[in-house]
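Results of the structural survey
Read off the chains here:
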Number of protein chains: 2
Amino acid sequence: MSKEIGITAKKAADLSEWYTQAVTKAELADYAPVKGFIILRPYGYSIWERIKEHLDRNLKETGHANAYFPLLIPESYLKKEATHFKGFTPEVFWVTQSGENALSERLAIRPTSETIVNDAYSKWVRSWRDLPLLINLWNSVLRSEITATRPFLRTSEFLWQEGHTVHATKEDADKEVMMILEFYRQLIEEALAIPVLLGYKSEKEKFRGALYTTTLEAMMPDGKAIQMGTSHNLGQNFSKPFEIKYLGKDGEMHYAWTTSWGVSWRLISAMIMLHGDDKGLVIPPQIAPIQVVLIPIYFKTEQSDAITAKARTIVETLKKEGIEAHADFRDQYTPGWKFNEWEMKGIPLRIEVGPRDVQNQQSVLVRRDNSQKLIVKDNDLVNEVKKCLSEIQSNLFAKAKTSLEEAVTTVTSYEEFKKTLDARGGFIRSCWCGSTECEETIQNDTGATIRTLPLKDEELFSKCVHCGKPATKVAYFARSY
Amino acid sequence: MSKEIGITAKKAADLSEWYTQAVTKAELADYAPVKGFIILRPYGYSIWERIKEHLDRNLKETGHANAYFPLLIPESYLKKEATHFKGFTPEVFWVTQSGENALSERLAIRPTSETIVNDAYSKWVRSWRDLPLLINLWNSVLRSEITATRPFLRTSEFLWQEGHTVHATKEDADKEVMMILEFYRQLIEEALAIPVLLGYKSEKEKFRGALYTTTLEAMMPDGKAIQMGTSHNLGQNFSKPFEIKYLGKDGEMHYAWTTSWGVSWRLISAMIMLHGDDKGLVIPPQIAPIQVVLIPIYFKTEQSDAITAKARTIVETLKKEGIEAHADFRDQYTPGWKFNEWEMKGIPLRIEVGPRDVQNQQSVLVRRDNSQKLIVKDNDLVNEVKKCLSEIQSNLFAKAKTSLEEAVTTVTSYEEFKKTLDARGGFIRSCWCGSTECEETIQNDTGATIRTLPLKDEELFSKCVHCGKPATKVAYFARSY
């Protein structure tokens, strides 16, 4: 592989440049003509398809159904929930013309669909028989992004899913919020091998329009946190302005309780930054569109047929076992070039089949995560491949879990807070009085925000790290993407 | 089911009103706040998901990959292919503001993605090694629709797929166009049970920017045709302005050949109109998200447990056989109400299980397409269900095939042409001189356009039906949606 094709930046030295090269050279994404927008290329899309499959399965098994809501939302709808409107309006793309005609009311390209969805729900929900109403949308949303574009991380359009549900009681809505949070945790920790802290957002950081927001927060190698997903109890904040009322079993009309929740292609950015290395991506087997790539190694022409036949057999055998295997027979590239290319693309496991392997009824396995090489007899191949994939998955998670744990620093003074943040970043675990004022001052001083408040209150171990007044909560602060 | 819930219009008497009621009451779709837009509700979306699965399988097996391209396209890009721009610009929704800022160049919400896709291809295609490039997009496009909204048929936003491919030669592009046309035929005829005429579009009717367009045309009960899908060879019309060039094996640079092709949720509208009846939808088993619905019929409380157990066993057994079965245990509705609701939703097969069925180790099957009732022993159930579903599928297609054949009238005079069109509509098969002038006059006189020119030229049987000059082609004219 020529220098031009391989990644030239070192991850440890320049994460930002390494990231851009990893994304574009592994052909996950490319820049689009309009600033802030990207093209999701086939390889990137196939990863997104795997993410969708994982989550969609859990959602469908628990009675959620997919639907599609219009892209354009009247401005008057956005305005119905005031906090929500105020939060989103600076980021909205506005449609003002159709053909050569000016529109009478400008239309927002959806920055999120709460308003248009809850408006429809007010027509669809009549009685307790219609509840719960559990709908999910796989779509794209647009929020104008003025800082530098970073694929999957800071883009003006992103692919995501947004769930919107209606329940009879606050308790039912609470349960939904927590069930979704658990589905997100499974997707992120078990499939993407990214350990996360789960918890609540502070009042300041919660979704604009929510009663409360729960979140999953991951830590990147540069000490900055990434919000991986959020699940909100919207209380009656949307059901009241949009008039979502139901006839209860008691014969009375009640305002319903709604939730919303989402994860986006941002998950891909965290996967890249966390697992990747100087050779490129490392995709966890559970998410990899290709889990095993087979490279035939031809030396002499007369052996080619036997090698090709063996390669085909292996791929077919693995596919029957439900393993995503692909043989790279392209004759315009050398084996070495192919090794580099597939390593850059992060395929978890490589199988090499050469003349000696045909002779000895074996093949060579090479793990992407630690470069370990194994010679495996044909009879053991399926089991060994399964074992390797499973080990790669757990190894990636275990390494990341250790990093996450090491990235949490417990501090009791504001000096220590600032020093730690500047020295190594990560999560700063500290006690907090609960006031938004302290939170804002800390953000202005240090750039760190409360990423999460633990689901179960942790024992207080000091006064508020900023103001010194009695603390009410343990909070995890960090700088973030 | 109360009058308000059931469909009150008769299909034969008022297709348009019947259609609107069928779509909204079966909860396929609902109207959105912005004129021209609809909401695809969960039931409609699950049908769309089935359509996607069918086509996606064929596309992936032949090396096509999915991707995602940005929603917003700079005006300057649209302008690069002049015919294309002229064709689409009256329908474009324009974004002119982001937040409170005016944009320097207005951005089009994609009416179709040829321009932005081909621009990216010019960067991705370097040599013959990169060809063919086979990409498909599942997204939504917006084209401002000023006539009355008709769900799935005339909407300003619609879900579709658009394929965009690059090839080394015209022959390769021709093959791609025809392969896709065949995939579309399979989807439409074999899954949706809708027979179609295949052929070319005339110069006047072809895609704006294409070298030639192939099409699939279905006939609706009111005598109007529906274009079901199109597959275009774009020639070098896009590769030249967008500079898609590749280094050939001959060491020279060549302009590539591109194609594009699409089907949309319009397929759903044809399925509804063609197969539906006064009770509501009739969904072909190959597309039905629920193929079999089981209704337990409880008379006395003491038998309830046995009925419920039997119902559960049946559904599990059918699911294991790959049949989409669902038991409706809701206790707030009577069996009669449920019969009507599921009939309205078009579920192909109903199974009833009552006390006598438990006793006699049997159940009752009721076909949606012809209301036929069968009493089936438990041992035969799986086979009988499979047989019924297969028969329903072929019966729906056979009926529609007969209608299509009957809808074609061969005419040799313009008088006959106009009389037939007014009396019964359908396809008017006639000889045509090949001039756009004749085609336009016919359209102005009668509202009929050339829907298709057969893939293989049919034998000429008269002079041009309009001008009387020597004919060059047999053409199928019709009024259309």
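The shown structure was predicted, so the numbers you read here are calculated from the model rather than taken from an experiment.

1. A word on the overall build of chain A
When helices and strands are counted, chain A shows 13 helices and 23 strands. Against the compact-globule benchmark of 23 Å for 481 residues, chain A has a radius of gyration of 25 Å, which places it among compact chains. The dimensions of chain A, computed from C-alpha atoms along their principal axes, are 80 × 55 × 50 Å. Counting only residues that meet the buried cut, chain A has 48% of its 481 residues in that class. For chain A, long-range pairs separated by at least 24 residues make up 69% of all intrachain contacts whose partners lie at least 6 apart in sequence.

2. A few points about the sheet that holds strand 8 (residues 157-167) of chain B
Residues and elements named next belong to chain B. Taken together, 11 strands build an open sheet; the order of strands is 3-7-8-14-11-10-9-22-23-21-20 and the sheet is mixed. Edge strands, defined here as strands with exactly one partner in the open sheet, are strand 3 (65-67) and strand 20 (408-410). Within this sheet the neighbouring strands show an average axis-to-axis angle of 35°, counted without direction. In this structure, strand 3 lies alongside strand 7 (residues 133-142), joined through three bridges in parallel fashion. Pairing of Asn66 across the sheet is with Asn136, part of strand 7.

3. Examining the relation of the copies chain B and chain A
When chain B is fitted onto chain A, the two copies agree to an RMSD of 0.0 Å after a turn of 180° and an axial shift of 0.0 Å. Here the two chains are linked by the operation of a two-fold rotation axis. Of every C-alpha in chain B, the one belonging to Val95(B) sits nearest the axis of rotation, 2.1 Å from it.

4. Focus: the pairing of strand 14 (residues 257-264) of chain A
Residues and elements named next belong to chain A. In terms of burial, strand 14 is largely enclosed, as eight of its eight residues are buried. Along strand 14, one buried face is formed by Trp257, Thr259, Trp261 and Val263 and the opposite face, lined by Thr258, Ser260, Gly262 and Ser264, is buried too. In this structure, strand 11 (residues 225-235) lies alongside strand 14, joined through five bridges in antiparallel fashion. By the bridge assignment for strand 14, Gly235 is matched with Thr258.

5. Details of the sheet that holds strand 14 of chain A
Residues and elements named next belong to chain A. With mixed pairing, the 11 strands of this open sheet are ordered in space as 3-7-8-14-11-10-9-22-23-21-20. Each of the sheet's edge strands pairs with one partner strand only, and the pair in question is strand 3 (65-67) and strand 20 (408-410). Taken pair by pair, the neighbouring strands of this sheet meet at an average axis angle of 35°, ignoring direction. Bridging between strand 8 (residues 157-167) and strand 14 involves eight bridges; their strand directions are antiparallel. Paired with Val166 across the strands is Thr258, a residue of strand 14. Packing of helix 5 (residues 114-124) onto the sheet brings it into contact with strand 7 (133-142), strand 8 and strand 14, and relative to strand 8 it is tilted by some 30°.

6. So, the domain arrangement of chain A
Residue and element names in this part refer to chain A. Domain boundaries in chain A define domain 1 (15-275), domain 2 (292-391) and domain 3 (408-478). Between the C-alpha centres of domain 1 and domain 3 the distance comes to 28 Å. At the interface, 16 residues of domain 1 touch 15 residues of domain 3. Broken down by secondary-structure element, the contributors of at least two residues to the side of domain 1 that touches domain 3 are strand 9 (197-200) and strand 10 (212-219). Per-element accounting of the side of domain 1 that touches domain 3 gives the leading share, four residues, to strand 9. Residue classes in the side of domain 1 that touches domain 3 are distributed as five nonpolar, four polar and seven charged.

7. Digging into the pairing of strand 7 of chain B
All names here are of chain B. Of all 10 residues that make up strand 7, seven are buried, and the element is covered over most of its length. In this sheet, strand 8 lies alongside strand 7 in antiparallel orientation, the contact comprising 10 bridges. Within the sheet, the bridge partner assigned to Trp138 lies in strand 8 and is Gln161.

8. A look at the interface of chain B and chain A
Listed by partner, the interface residues are 45 residues for chain B and 45 residues for chain A. Looking at the side of chain B that touches chain A residue by residue, the class counts come to 29 nonpolar, nine polar and seven charged. Here strand 5 (residues 93-98) of chain A runs beside strand 5 (residues 93-98) of chain B; their pairing, made up of five bridges, is antiparallel. In the sheet register, Val95(A) faces strand 5 of chain B, and the bridge partner there is Val95(B).

9. Overview of the packing of helix 2 (residues 42-61) of chain A against helix 6 (residues 170-191) of chain A
All names here are of chain A. For the pair helix 2 and helix 6, the least separation of the axes is 10 Å and the interaxial angle reads 145°. Seen from above, helix 2 lies across helix 6 with right-handed handedness. Across the interface between the two elements, Ile51, His54, Leu55 and Asn58 of helix 2 pack against Phe183, Leu187 and Ala191 of helix 6. Among the residues forming the contact of helix 2 with helix 6, the class breakdown is five nonpolar, two polar and no charged.

10. Observations regarding helix 9 (residues 335-344) of chain A
An α-helical turn contains 3.6 residues, so a residue and the one three or four places further along point in the same direction. Residues and elements named next belong to chain A. Taken together, the buried positions of helix 9 are occupied by Phe339, Glu341, Trp342, Glu343 and Met344. Contacts made by the buried residues of helix 9 are with helix 1 (15-25), strand 15 (292-296) and strand 17 (349-353). A positive phi of about 80° marks Gly346, the residue just after helix 9.

Scoring rules and cut-offs
- Residues numbered from 1 in each chain as written.
- Chains lettered and ligands numbered in written order.
- Predicted model: local features only at pLDDT ≥ 70, side-chain atom pairs only at ≥ 80, totals over all residues.
- Helix = DSSP H or I, 4+ residues; strand = E, 2+ residues; numbered from the N terminus.
- Rg over C-alpha atoms; globule rule 2.2 N^0.38 Å.
- Buried ≥ 20, exposed ≤ 12 C-beta atoms within 10 Å, placed from the backbone.
- Contact = placed C-beta atoms within 7 Å.
- Pairing = 2+ DSSP bridges.
- Axes fitted to C-alpha atoms, helices over the stretch in contact; angles between N-to-C directions.
- Least-squares fit on C-alpha atoms with pLDDT ≥ 70 in both.
- Domains from an automatic or database assignment.
- Nonpolar A, V, L, I, M, F, W, Y, C, P; charged D, E, K, R; others polar.
- Left-handed = near helix turned anticlockwise from the far one by under 90°.

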